[in-house]
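One-letter residues, chain by chain:
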Amino acid sequence: MGIRFILLVNKQGQTRLAQYYEYLTLEERRALEGEIVRKCLARTDQQCSFVEHRNYKIVYRRYASLFFLVGVDNDENELAILEFIHLLVETMDRHFGNVCELDIMFHLEKAHFMLEEMVMNGCIVETSKTNILAPIQLMDKAS
């Protein structure tokens, strides 16, 4: 499948956005998020951005006060996922200006919509920022 979940977490470890592409109960999600967030936030800037946890490979990157964590299958290309994270941030930057934690909190539905335009069933299906943002801009014009 590829991507199993995407998490956006602040520096305090609070989840700001969570998108799962496989079924996990609420308790499993809460436990998984807690373990992964503690593990990733405890790492230094000198350590690599890849962590193995359970049967996932976690690829993460920090932008300002937000950590973007992506859980993938063990055979997934880590550098491609880092590029995906960068594309997601650039897309959000283009829409929100300079994306920050407050943008995600106050426009959560738009952030989810961007993810849904980019990823379907755990596979990256769209990489054009213009195509990703076009439906959101249409919704903004209509409202």
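All values derive from a computational prediction rather than experimental measurement. Each chain carries its own residue numbering, running from 1 in the direction its sequence is written. The model is predicted, so local features are restricted to residues of pLDDT at least 70 and side-chain atom pairs to those at 80 or more, both for listing and for counting; the totals for chains, interfaces and linings are taken over all residues. Based on all heavy atoms of the structure, the side-chain values leave hydrogens and waters out of the count.

1. Focus on the nonpolar core
Going by this rule: We define the nonpolar core as a collection of buried residues of types Ala, Val, Leu, Ile, Met, Phe, Trp, Tyr and Cys that are connected through side-chain atoms lying within 4.5 Å of one another. In this scheme, a residue with accessible area under 20% of its type's maximum is buried, one over 50% is exposed, and one in between is partly exposed, where area comes from a 1.4 Å probe on protein chains only. A helix here means a DSSP run of H or I that spans at least four residues, while a strand means a run of E at least two residues long, and both kinds are numbered starting from the N terminus. Note on contacts: a residue pair qualifies if any of its non-hydrogen atoms lie within 4.5 Å across the two residues.
The biggest cluster of nonpolar side chains holds 30 residues, and the ones touching the most others in it are Ile3, Ile6, Phe68, Phe84 and Met92. Contributions of two or more residues to this core are made by strand E1 (3–10), strand E4 (56–63), strand E5 (66–72), helix H2 (78–96), helix H4 (108–118) and helix H5 (129–142). Looking at this core, the element that brings in the most residues is H2, giving nine residues. What Met92 contacts, discounting residues up to four positions off in sequence, is Leu8, Phe68, Gly97, Val99, Ile104, Ala111 and Met114. Core analysis: the next-biggest nonpolar cluster, separate from the first, contains 15 residues, Val9, Leu24, Val37 and Ile58 among them.

2. Structural notes on a nonpolar patch on the surface
Our working definition: The patches described consist of residues with a relative accessible area above 30% and no salt bridge, like charges being joined within 9 Å and nonpolar side chains (Val, Leu, Ile, Met, Phe, Trp, Tyr) within 5 Å. Only the protein chains shown count as cover for residues, and all accessible areas are computed by the Shrake-Rupley method using a 1.4 Å probe. By definition here, a salt bridge exists when the distance from a side-chain nitrogen of Lys or Arg to a carboxyl oxygen of Asp or Glu is within 4 Å.
There is a patch of nonpolar side chains on the surface, built from Leu102, Met105 and Phe106 and spanning about 320 Å² of accessible area. Of note, Met105 is situated in helix H3 (residues 101–106). The exposure class of Met105 is partly exposed, given its relative accessible area of 38%.

3. Comments concerning the sheet that holds E1
To keep things clear, this is the line we draw: When DSSP locates at least two bridges between a pair of strands, those strands are taken to pair. Only the contacting stretch of a helix is used when fitting its axis, a line to C-alpha atoms as for every element, and angles between N-to-C directions run 0 to 180 degrees.
The strand order E2-E1-E5-E4-E3 describes an open sheet built from five strands, whose pairing is antiparallel. Either end of the sheet is taken by a strand with one partner, and the two such strands are strand E2 (15–20) and strand E3 (50–53). Between one strand axis and the next, the sheet turns through 20 degrees on average, direction left out of account. In the packing of H2 onto the sheet, contacts are made with E1, E3, E4 and E5, and the angle to E4 comes to roughly 40 degrees. Contacts from H4 reach E1 and E2, with the element oriented near 35 degrees to E2.

4. Quick word on the state of the cysteines
We apply this condition: The rule for a disulfide is simple: a pair of cysteine sulfur atoms within 2.5 Å.
Enumeration over the complete set of coordinates arrives at zero disulfides. The thiol of Cys40 is unpaired, and the distance to the nearest cysteine sulfur, on Cys48, comes to 10 Å. For Cys40, a relative accessible area of 1% puts it in the buried group.

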